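# An overview of the molecular structure
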Amino acid sequence: MNKLRYLLFFAAPALLAIGCTSSAEDQRAAMETYAEIAFASYEDSYNAAVALDEAIDAFVSAPTASSLQAAKDAWLAAREPYGQSEAYRFADGPIDDADGPEGLLNAWPLDEAYVDYVLGAPDAGIVNNADQFPTISADLLVSLNEQGAEENVSVGYHAIEFLLWGQDLSETGAGNRPLTDYTTDANAERRKQYLATTSDLLLVHLKQMVDAWAPDADNYRSTFMTLDPEQALRNMLTGIGTLSKSELAVERIFVAVDNQDQEDEHSCFSDNTHRDIITNAQGIANVYRGSYQRTNGTTVSGTSLEDLVRNADSAVGDRISSYVDAALTASSAIPVPFDRAIINDQDAVLASVDALQDLGDSFVEGAQALGIAINTELPD
Amino acid sequence: MFGFFASSIRSVHPSRFVHGLGVLRYAVLLLVPVVLWGGLASCNRAALLSEVEPDEEFSGGRATVFNRSVNAFGLPAPGLTRQEERLFGVGNSFFNQNWVQSPASTTARDGLGPFFNARSCAGCHFKDGRGRAPEFDGESPTGYLVRVSVPGEVDAIGAPAGDPNYGKQVQNNAILDLQKEASVVLRYEELPGTYADGTPYSLRKPIVSFTDEAYGPLDGLAMSPRVANHMSGMGLLEAVPESTLRALADPDDLDGDGVSGRLNMVWNAAEGRATVGRFGWKANQPTLKQQVADAFHGDMGITTSIFMEENCTAAVPDCATQPNGGTPEIDEDDLDKVVLYSAALAVPARRDWEAPDVLRGKRYFREIGCESCHVSKLETGRSDIADVFSFQTIRPYTDLLLHDMGEGLADNRADFLATGREWRTPPLWGIGLFKTVNGHTNYLHDGRARNLAEAILWHGGEAEAAKEKFRHLDADERAAIIAFLESL
């Protein structure tokens, strides 16, 4: 039977080749662009996290209102490249493979009481639990992440966000953690240790992604570049399609507006969810258009999925390109802050859901235009 | 983070494949005999080939996904409408996220307890998959609970009568202000046996008891431990017409095959009367919505439109006076979203369905009589939940009926018409993926079987004859059956 199946697989492409006009060189060039942008996105994320780590070190060694603000500003800046890098999720890549660091970097929603005190529970969390956790170490925080429940998030961007901002109890603004949490509070030293440790871990985990996508190394990138181009293109389109249609449109936007609950917003402590949405959408555009503007203003670009689809079917290509524009526009049009927009501006929020789902569906069309033989999806 | 992030693109492909490439595939199936006649194959291979059925890999019909990853149970059925997909996402958020004690700032999800087994659905159905029994003393159960009742007594709706102190289920957690009911203690006794070819095996028989009983002794009760089931394909099972189940039933074994098959008739709260049961290990829930509401109520202490009263007994007066999260604690439309989510989790496609050992195992599975209860193929009717489940050919390997499974598996706790020896035939789709998704290979209602062979060897009662035939197969034949089951 196996032989027969191989016969089928060899025969199938001949029957399916209709519409597949992009050359193997073009496909490989688009893969190369994809890898280049992945590397640049993660390198920018890493460098911004280094700046964040330095700001956090400065804050914990001398906690003042201005050093706290500097750390918050650095966190916001660090989210900009990372949000764009999420276009590399759901693509069978290193970020979410079995050993991938995604859950250690960007897990959310986060149960605040797992980390630190919350309104009504002054002794809650790892920070205030010296009996159970006498020493706050990197190993401890990693071992506690997502233990027992998905919301038991101990590390990553959102743990840092909560430690910097605190609970968002404000109708109009973000969380407002008192500086005394890091000065006179009984557990100030433990909190500092927690913040500094999880910031260090962010660097460790982002470095894994930088290494995975670095050029000229024996790493995931070298594996990726040897993939059958059809498989690689499928991974690329699956990643941005899933982010657009499901993860961003539904998980990160629709659920929050449907539940009318800021607990369902991505960066709920800092009120930065609008930037999460915009940078995710920008990341999708980066991958599809094969062009990424780096943090330093330079641009990485090359042969793109957009080029391949246009060559294969210009009508489909035009349609997808217009959907990319529409998704970027709609994402940027959500009023700020997001936790008020889901109450007061639902039409604008839902328009972004529509636009992102339209875009996700159009990537399916784009894949078909590329003549990707969808039967190879079947398991061996 | 969530099971849902499954690719909508991935899930669209296979169904298009059916429509777009079906002709090609049938062409290949027709070509196959020609190639085989070319001298490649023995008669045996040709016979095996005839085991391959068109589209059999689509276990859930259109609601099948091709995914063998850790997220294999968490993907939405292909073909949901865009609105259904969105509500699936909301249902997923309610399924995954922890409920908290009232009062709380998290008003959408407060009302946990007062007594509970888990804080979220996913706490037991991790990755929408199969729970397991605790593995060591003190391990907090994740997807394992014990139902209790007064032997021989039923309540006003015909359900097993709960214990006056503990109710119908022992909750091993409570909110801060109350003591949890009790902790379960699990021991096993090894029961040695041998296959007909002399190969030894051992089955572990669970012995359940309690400690830390806070509200009086838990003695003299009927006890039935249960693991959380995987969530695949329930919208499809709900859409199997009642007439199909009635036709499969053979309560008096009129066909004389030694296998009866009975319908459970259970209280249907929405209709205010007894109707056919089809969900739960004893088919004691009539609809998916009531099954979900019962799990909210019994396992998490969350009230719904169906079960409005807190899960309290008169023996613990402090229970009913605790602050609650509203009446009901989950709104009707949110409950419906969790029901849609539960219905719409797709069935994973078969793996390796054309492999020779799998095909041999499939034939043996049929020949030794497993399909008398594990009915391979059913047709759905019109679904009230979503069109994607309507009029599908599905391969759940169940008849959804009750069967006497013998003394070894008996929980001796009757549940509506189900006797203490009867269990519902569980669907087998997806059972080969527990290891990938949930990191174990424990089977049966209380997770006692450590692998599929042990699960088969526990079969008794109406399944005794099939079990004995399995025991008399040689090692190669047994391995083929296991390979087949793992492909489901």
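Just so it is clear, the model here is predicted, and its values are computed rather than measured. (Residues numbered from 1 in each chain as written. Chains lettered and ligands numbered in written order. Predicted model: local features only at pLDDT ≥ 70, side-chain atom pairs only at ≥ 80, totals over all residues.)

The secondary structure content of chain B amounts to 14 helices and 15 strands. Against the globule reference of 23 Å for 488 residues, chain B gives a C-alpha radius of gyration of 23 Å, in line with a compact fold. Referenced to the eigenvectors of the C-alpha coordinate spread, the extents of chain B come out at roughly 80 × 55 × 40 Å. Out of the 488 residues in chain B, the part that is buried amounts to 55%. (Helix = DSSP H or I, 4+ residues; strand = E, 2+ residues; numbered from the N terminus. Rg over C-alpha atoms; globule rule 2.2 N^0.38 Å. Buried ≥ 20, exposed ≤ 12 C-beta atoms within 10 Å, placed from the backbone.)

Scanning chain A for helices and strands turns up 15 helices and two strands. What you see for chain A is a C-alpha radius of gyration of 22 Å, in line with the 21 Å of a compact globule of 380 residues. Considering only C-alpha atoms, chain A reaches an extent of 70 × 45 × 45 Å along its principal axes. Going through the 380 residues of chain A one by one, you find that 53% of them count as buried.

It is worth spelling out the environment of B:Arg351 at this point. Residue and element names in this part refer to chain B. By the element assignment, arginine 351 lies in the loop between β11 (347–348) and α10 (356–367). Classification of arginine 351 by C-beta neighbours within 10 Å gives partly exposed; the count is 19. Residues arginine 351 and leucine 433 lie 82 residues apart in sequence; the distance between their C-alpha atoms is 9.7 Å.

Right, let's get into unusual backbone geometry. A cis amide bond, omega 0°, links A:Val336 with the succeeding residue A:Pro337. With respect to the element layout, A:Pro337 can be found in the loop between α13 (314–332) and α14 (338–344).

As a further point, take the packing of helix α2 (residues 24–61) of chain A against helix α12 (residues 305–312) of chain A. Residues and elements named next belong to chain A. Put simply, α2 and α12 touch, their axes get as near as 9 Å, and they point 155° apart. The pairing of α2 with α12 is recorded here as roughly antiparallel in orientation. Residues Asp26, Gln27 and Ala30 of α2 lie in contact with α12, whose contacting residues are Leu305, Asp307 and Leu308. Within the contact of α2 with α12, the residues separate by chemical class into three nonpolar, one polar and two charged. (Axes fitted to C-alpha atoms, helices over the stretch in contact; angles between N-to-C directions. Parallel < 35°, antiparallel > 145°, perpendicular 65-115°, else oblique. Contact = placed C-beta atoms within 7 Å. Nonpolar A, V, L, I, M, F, W, Y, C, P; charged D, E, K, R; others polar.)

The next thing to look at is the confidence of the model for chain B. Residue and element names in this part refer to chain B. Across chain B, pLDDT averages 90, with 91% of residues at or above 70. Throughout residues 1–42 the model reports pLDDT below 50, and contacts reaching past four residues in sequence, or to other chains, amount to 85 contacts. Prediction confidence for the complex, expressed as pTM and ipTM, is 0.86 and 0.81 respectively. (pLDDT = per-residue confidence, 0-100.)

What follows concerns helix α7 (residues 288–300) of chain B. Taking 1.5 Å of rise per residue, the 13 residues of α7(B) would be expected to cover 18 Å, and the 17 Å separating its terminal C-alpha atoms lies within 8% of that figure. Counting buried residues in α7(B) gives 13 out of 13 residues, a clear majority hidden from the surface. (Expected span 1.5 Å × (residues − 1).)

Of all hydrophobic cores here, the largest spans 231 residues; its most connected members are A:Trp213, A:Met236, A:Ile240, A:Ile253, A:Val287, B:Leu340 and B:Ala344. Looking at this core, the element that brings in the most residues is α2(A), giving 17 residues. Sequence-distant contacts of A:Val287, defined by excluding residues within four places in its chain, comprise A:Tyr34, A:Ile37, A:Ala87, A:Met236, A:Ile240 and A:Leu305. (Core = buried A, V, L, I, M, F, W, Y, C linked by C-beta atoms within 7 Å.)

Right, let's get into the pairing of strand β6 (residues 183–194) of chain B. Relative to strand β7 (residues 200–211) of chain B, β6(B) runs antiparallel, the two being bridged by twelve bridges. Within β7(B), the position partnered with B:Ser183 by the bridge is B:Thr211. (Pairing = 2+ DSSP bridges.)

Residues and elements named next belong to chain B. The antiparallel open sheet is built from three strands, whose spatial order is β4-β3-β8. Of all the strands in the sheet, just β4 (169–170) and β8 (222–227) have a single pairing partner and so form its edges. Pairing geometry for strand β3 (residues 144–149) and β8, over six bridges, is antiparallel. Bridge pairing in β8 links arginine 147 to serine 224.

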